[in-house]
Amino acid sequence: MDYSIKIGGEAGQGIQTIGDALGRVFVRAGYHVFSHQDYESRIRGGHNFYQLRFSSQPLAASRNKVDILVALDRESITRHEKDLTVNGRIIYDASALKFKNGGPAFLDIPFEKLALEQDGDKIMVNTVATGAVLGMLGLEPDLILELIADTFKNKGDHVVHANKNAVRAGYEYARLHCDTCTFAVAVDEVQQRMLVGGVESIALGALASGCRFYSAYPMTPSTGIMNYLASTESEYGVIVEQAEDEIAAINMALGASYAGVRAMTGTSGGGFALMVEGLSLAGMTETPIVIAMGQRPGPATGLPTRTEQGDLEFLLSAGHGEFPRVIFAPGTPRQAFHLTNKAFDIAEKYQIPVFILFDTYLADSQWTVDSFDLNQVRYIDYRLRGDAFKNQQHYRRYAYTETGISPLAVPGDASHVVVVDSDEHDEEGHIIEDAATRIRMVEKRLLKKLPLIRTEIAPPDFYGDQEAHVVLTGWGSTYGIIKEAVDELAKSMSIAMLHFSEVFPLPDLGLFDYVSFLRKTKLPLCIEHNATGQFSRLLRAATGFEFKIQINKYDGRPFTVEELIGEVHDRLGNI
Amino acid sequence: MDYSIKIGGEAGQGIQTIGDALGRVFVRAGYHVFSHQDYESRIRGGHNFYQLRFSSQPLAASRNKVDILVALDRESITRHEKDLTVNGRIIYDASALKFKNGGPAFLDIPFEKLALEQDGDKIMVNTVATGAVLGMLGLEPDLILELIADTFKNKGDHVVHANKNAVRAGYEYARLHCDTCTFAVAVDEVQQRMLVGGVESIALGALASGCRFYSAYPMTPSTGIMNYLASTESEYGVIVEQAEDEIAAINMALGASYAGVRAMTGTSGGGFALMVEGLSLAGMTETPIVIAMGQRPGPATGLPTRTEQGDLEFLLSAGHGEFPRVIFAPGTPRQAFHLTNKAFDIAEKYQIPVFILFDTYLADSQWTVDSFDLNQVRYIDYRLRGDAFKNQQHYRRYAYTETGISPLAVPGDASHVVVVDSDEHDEEGHIIEDAATRIRMVEKRLLKKLPLIRTEIAPPDFYGDQEAHVVLTGWGSTYGIIKEAVDELAKSMSIAMLHFSEVFPLPDLGLFDYVSFLRKTKLPLCIEHNATGQFSRLLRAATGFEFKIQINKYDGRPFTVEELIGEVHDRLGNI
Amino acid sequence: MIALGTYKGQTPAWCPGCGNFAILKAFKDVLVELQLEPHQITVVSGIGQAAKLPHYTRGNTFNGLHGRALPVATGIRLANHAMPVIVTTGDGDCYGEGGNHLMAAMRRNINVKLFVHDNQIYGLTKGQPSPTTGEGTKAKNVPFGVISEQFNPMALAVALDCGFAARSFAADTAHLKGLMKEAMVHKGFALIDILQPCVTFNKVNTYEWYRKRVYHIEPEYDPADRIAAFSRALEWGDRIPIGIIYRNNRPTFEERIPMLTAGPLVHQVFDSSKIERTLQEFY
Amino acid sequence: MIALGTYKGQTPAWCPGCGNFAILKAFKDVLVELQLEPHQITVVSGIGQAAKLPHYTRGNTFNGLHGRALPVATGIRLANHAMPVIVTTGDGDCYGEGGNHLMAAMRRNINVKLFVHDNQIYGLTKGQPSPTTGEGTKAKNVPFGVISEQFNPMALAVALDCGFAARSFAADTAHLKGLMKEAMVHKGFALIDILQPCVTFNKVNTYEWYRKRVYHIEPEYDPADRIAAFSRALEWGDRIPIGIIYRNNRPTFEERIPMLTAGPLVHQVFDSSKIERTLQEFY
Ligand SMILES: Cc1ncc(C[n+]2csc(CCOP(=O)(O)OP(=O)(O)O)c2C)c(N)n1
Ligand SMILES: Cc1ncc(C[n+]2csc(CCOP(=O)(O)OP(=O)(O)O)c2C)c(N)n1
Ligand code: SF4
Ligand code: SF4
Ligand SMILES: [Mg+2]
Ligand SMILES: [Mg+2]
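In this text the structure is predicted, and so the values were computed from the model without any measurement.

(A) Quick look at the coordination of the magnesium ion (ligand 5). Residue and element names in this part refer to chain C. Bound to the magnesium ion (ligand 5) are the protein donor atoms Asp91 (OD), Asn119 (OD1) and Ile121 (O), situated 2.0 to 2.2 Å from the metal. Here the donor residues for the magnesium ion (ligand 5) map to a single chain with the spacing D-x27-N-x1-I. The two residues Asn119 and Ile121 agree in class, both being buried.

Here it is as structure tokens:
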């Protein structure tokens, strides 16, 4: 059982409300869910859609086909009708769309009329549509009614009641009129799972890591992190500050981190461009910071609400001068959660900047997850605080050590002073000019730490045939798409996925020699959502391995599984 | 004949005045000159020096040894005495330094007293010292007297006269008291040459290229470009604007370029970090711009007055999204001049950002140059202006073309409008959201231009033995140091230099297959003024060739020729 | 003939009812009344709802980065000071991200017209507070309400001796058009802060809210009196003055640059022979 | 015992005679008089001559980037509002590169003390004009003289309702110390613009020049009157007022943040068990 529902309409019509509600219901009903969104950079009008898939099997991506199309505007039909499955159905409100189609796939449901009948409020069109979808599927309405009770409880009984009626009206209407519907939904065993999106997972990872300060300037697709963290401000005692610009955002976070709390910022490419000087400051002062960097298609403003993996190389060497950094690029919400936690751990342990490099596709897609593994969450306070600090005889912020890691103390906790400097400095943190100190500081800050940091990096994920002829290599948000493509293609060929979520520094070859593996395979392919193959270049610079064949997409939309399969087929001639 | 003079003293004592004057005199006397400077980030005090070498042979670097040490402070003696040659001399003013050394190398010249005797002005100490050096060398004083007449003519006859007397006083004193001096200066034929420094050469290159607008924010080592251009403002009709910050600097330059004039900005790493978003804007809008990026040791403020090659990788991928760029890294003033000209030509031709990546060492060093070859200067106006623009039937700023290059028109010159947009846009420049246009624009802006741009890039400089066993590879400002090291080492081994001044994109292998060449040699070495070998990594990413052995220096000082020779010797065991 | 159609652009992607429509209309009307052709002006904008305006009309356009319209406009004016340059921007774009450039532009008195669509909110990014958002206003990312003091662009303008500082209201078309025209003919930098209802995200400062409060500054008012202007600039609450708050006659930046007396830089011919003489100085 | 020696730091790399020495001395004196220990304060600075000050004394120090001291200071205060935070900065650093942060800090009223060493020039980079450089001043990069209007930090402060805005003169030690102490005890953001002779690059605004012009604001003056304050702020020329120009009692940013009522963030213990409950909301 594997159905895809597409909700299409204008910005502001509430397609997200419908999609989110359906997703929640399916999860509570015990299904696996995957959803992603496609929207324009405008607040009202245009054409957006929400693609939602649910199944009794785990899901990792959307599929092209549509079983139920909820068309809130005319364009939804024109654009997406072609994707309808044989038994698929389009539901729409003929009077609202001023359009009528009597074809067997079309089901005219008077959303507006039904909504108005309940409580005279057009807003409830979405609730009616949600009910209608459930009705067509023949899924019991209890779960949605429960959800409505939860969602609207703050708005009073009246609203809850009206919405419940609206659901029922849509539900009944669909059951009655979709007499030819053949959807069969069943679930083997109901297991409770989370339904969670990319940005929330990052925010949750930050909370689980003891992040106490988040300063940012709004920018798609990172704003969701700020919003989610803000909603937990008082519960977690975390401060979320909207900075006057991105320069201030990173500098504030560095100030907070210096003062002793775990700090983070988040942005997208254009905003990060403004943080680059601050990044270098983090490198020089050895101030821990986590930066969530949400990619969208560039250059410049580009396509602000769409997706791309175009900023990997930018991050690899952003900032003047040389200093260590780590870049994680989660491929799933679970990775987003755990890698954010790891980011904090490594940032604090090595006193370096660590990135969570995500993108709009991951940010906005929702996955079902059995759970996040809280036992795996690491929280070690590496700071020198309170009595431990007081007990130090001497304190030097940049004391030379075996590992290059100097004690990071909390200013004010003891009678020692904590001095950090963006100039080259001595062990105490004061400006110097001499060559000898410079050399020792570069060794301390950079050369000694680099090999240690590498030991923290986990090998890439391997999935599929150990002896695969074809290997689909990817990084970051393409995880699910590649995985599903491998599942399909495995039916007809020897294939595997190699996925990197810890992308810089690249994992050592000790535990898993992926380079030898790639050299051995007949058709190693690198798949990226960018035009020039940035990861592929990184791999070559670091290991010498060159992907002769790459699969790139740079139109701002993620690959669909079907597209990727097609691209792979196109290249099989190269074996 | 090959003498080195070192002038040491505190900031503010005028060592640069002495050095510059001596340099000018030597050049006018027909010698080749090379000078470089070493100074702290302070305005008064500390210890700085100016190293000046002159010879009847062409020069490309400083040497460790000192023939004449002009010690304006005590520290000059403590630090640099050890570098004195057997017949070398230290001149100093015992009463001013409150220090006396009767040794045969020491010559006490009462600079202050002699200066005061002329005109009661201590400022002339520098003039006296300059005269003294010339006296020791036995070089006729006419040239310096001429220079003084030039330099001080705006200050009136009195000042000229006093300074001439001061020169004579120093000159006579030295001739009289340096009776054991054995300096022998001679020049085969007097040829007129330029004495010119790195920053000036960049500025001159900009002027020769028709640069009309330079907006910048002061930052070492780029400020000299702004100062020099400002001094020519009215003559060239060039506007030099000090922006409120670097963000404004690059955006102003883009505005000016859009409006139809050749525009440039200059900065150093920290300032460039703030320009990164604007760089991406240049990429997206296809607005030509030349950026002079002066490296100094980072991260962050680092060592503000010293040198490093630490920002190459930063520039390679600065900016979000993908767009073409070109990076030139001149190794000599002559290259600085001609590559700045080439930068403008390529920026305008392909409508892309082009970098002149220099560093403090190149900025502050002065070379003798026979001349800049003005016939080689290229000035083609690629803009669509005036009647040519008026005669267009239609105009679209981003029209699709074979080459990806669309007509770049001057707004206002015709009745067509010129629309540029930082969002993804259509041919007319208006915002779009669709995938098809996006794809075509990425092709136009990036994929079509890339191969064309590569054809513009010249092969690296090769110098030395065609069958060399040892190859010293470098880029940018190390040119002269490597060349002189090769000259020395060639006496005892088969060696060559491979120097890249056009570093990105890397030159094609068609004209000169430097990769095969490197693979063939026994000991290919990569020499960089940074800690991690950035050029080496670039070469590997682009060509697969890996330098197994690198020579790096990251203390903020350039290699001396002798040091580099030592480093090479240390690695000969690897052959 | 220049008519409204001359200025027809893309269909706006703004929400129905948005205050921006009225501003766009006024903008076009003024250009028509001034009988300027599209190629005779350059419109510069940043990023935001307001900043999309140039696409919804016709003209030379530089739609740049969030917050950075003013430096671009400055560069354009320095390269071609015969070209009227107008910046259309939002309160976030101009008073938030771009604050430093605003101060510099006022100090320069660069002859650029700055029309700020001040909806007291970040519209395009879905409702975060901007510098002009009222204290206490709640948003998703500010659940406890804004605690920075509301930014007063008029007070800033008076403090920085801005050549022309005015306020208008999107829905008062005649007033807005009048001010836009005055700004266009003013010699020097001119700021109009245009109160603009955002019907989607700003539920406080609605048409109604503004309408109840705005009043036309009385004709006797003397905008040359800087102290009086400062008092008037501070007025915000039950009554909000619209009109020219402050005006002076400082010389423009452009007219003080000696290199520009020979005409716009872009039209000055480049003489490639000069360099030879310059190089002589290095011998 | 806290004495002057407690605050001994590196030997200053300033030019002999520089106005910064007097400011440094006053700064140390005030800390001694307030009996604060070095670890009980944090000094934040940017880049410039003024910004080197923290190295020449003792204290927790964050010497950050050019122009970015205020955001760092803000972050420190938000993480630890029990820590007095002082920013030492130059006119270029704070009014030039950092202008946007200055406006934001005033609007926030973050409890940071901002001491601007205003030498009306870029000292460390060898004499380019700063925002406070007088019109007409020539420099290597501005051969025809400055044509932007001189920036008036006091006027800006009054316009942005800055909690505490004062001016002093480096060579008037008693006055400067008095103001520094008042700023330290003021609840909220406090700016002191300190006129500081740069003996090397500023040949106009010398000790002499300042001495002839500065006068102490009369005791009767009421710094709470914003309009009067604005008039006073505009006074610059033959007579330059020094003293508190404007002061109000706005609540500080820190005290308006609900999360900080439980004490400084840095001392609030992290409860790692909460996350489990939060995750439940996603089922
Ligand atoms: C450097 C950068 N930061 C953030 C953004 C995201 N962004 C786009 S518009 C905007 C705010 C727009 O607010 P305003 O200027 O008031 O315009 P409005 O949409 O309200 O008209 C932001 C934060 C961006 N595009 N670039
Ligand atoms: C981003 C950046 N731009 C430019 C510089 C170079 N810089 C260092 S200090 C300075 C100006 C200092 O002027 P001011 O703040 O007035 O300090 P002063 O030296 O006069 O005390 C500049 C431009 C820098 N360090 N960083
Ligand atoms: S969000 Fe607000 S400002 Fe933006 S278009 Fe809609 S109503 Fe207008
Ligand atoms: S340059 Fe000026 S500000 Fe800097 S130390 Fe010297 S006198 Fe002081
Ligand atoms: Mg707005
Ligand atoms: Mg200064």
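(B) Structural context of the site of ligand 2. In the vicinity of ligand 2, 24 residues are found, and the nearest of them are Glu246(B), Gln49(D), Asp91(D), Asp93(D) and Gly123(D). Residues near ligand 2 are shared among chains A, B and D, making this a multi-chain site. Gln49(D) is positioned such that a nitrogen or oxygen atom in its backbone is 2.8 Å from an oxygen atom of ligand 2. Backbone polar atom of Gly123(D) to an oxygen atom of ligand 2: 2.8 Å apart, as the coordinates give it. Its free accessible area being 580 Å², ligand 2 has 98% of it covered by the protein chains. Going through the elements one at a time, α12 (269-285) of chain B together with α3 (91-97) of chain D are the ones with two or more residues in the shell around ligand 2. Per-element tally for the shell around ligand 2: the top contributor is α3(D), with four residues.

(C) The arrangement of the site of ligand 3 in detail. The environment of ligand 3 is made up of Ile43(A), Trp14(C), Cys15(C), Cys18(C), Gln49(C), Asn119(C), Gln196(C), Cys198(C), Val199(C), Thr200(C) and Phe201(C). Ligand 3 sits at the junction of chains A and C, each of which supplies nearby residues.

(D) Structural detail: the pattern of salt bridges. One pass over the structure, following the stated rule, counts 103 salt bridges over all chains. Arg42(A) serves as the salt-bridge partner of Glu40(A), at 4.0 Å between the closest nitrogen and oxygen. On the accessibility criterion, Glu40(A) (14% relative accessible area) is buried. Between Asp370(B) and Arg193(B) there is a salt bridge, with the nearest N and O atoms lying 3.1 Å from each other. Here the residue Asp370(B) occupies a position in the loop between β14 (366-369) and α16 (386-390), and Arg193(B) occupies one in the loop between α7 (157-177) and β7 (194-197), the gap between them amounting to 177 residues. A relative accessible area of 37% means that Asp370(B) is categorised as partly exposed. Salt bridges sharing common partners tie together Asp2(A), Arg53(A), Arg63(A), Glu484(A), Glu488(A) and Lys491(A).

Parameters and conventions
Residues numbered from 1 in each chain as written. Chains lettered and ligands numbered in written order. Predicted model: local features only at pLDDT ≥ 70, side-chain atom pairs only at ≥ 80, totals over all residues. Heavy atoms only, no water. Donors = N, O, S within 2.8 Å, 3.2 Å for Na, K, Ca; no water. Buried < 20%, exposed > 50% of the residue type's maximum accessible area, 1.4 Å probe, protein only. Near = heavy atom within 4 Å. Polar contact = N/O pair within 3.5 Å; in protein donor to acceptor, adjacent residues only side chain to side chain. Areas by Shrake-Rupley, 256 points an atom, 1.4 Å probe, with all protein chains shown as cover. Helix = DSSP H or I, 4+ residues; strand = E, 2+ residues; numbered from the N terminus. Salt bridge = Lys/Arg side-chain N within 4 Å of Asp/Glu carboxyl O.

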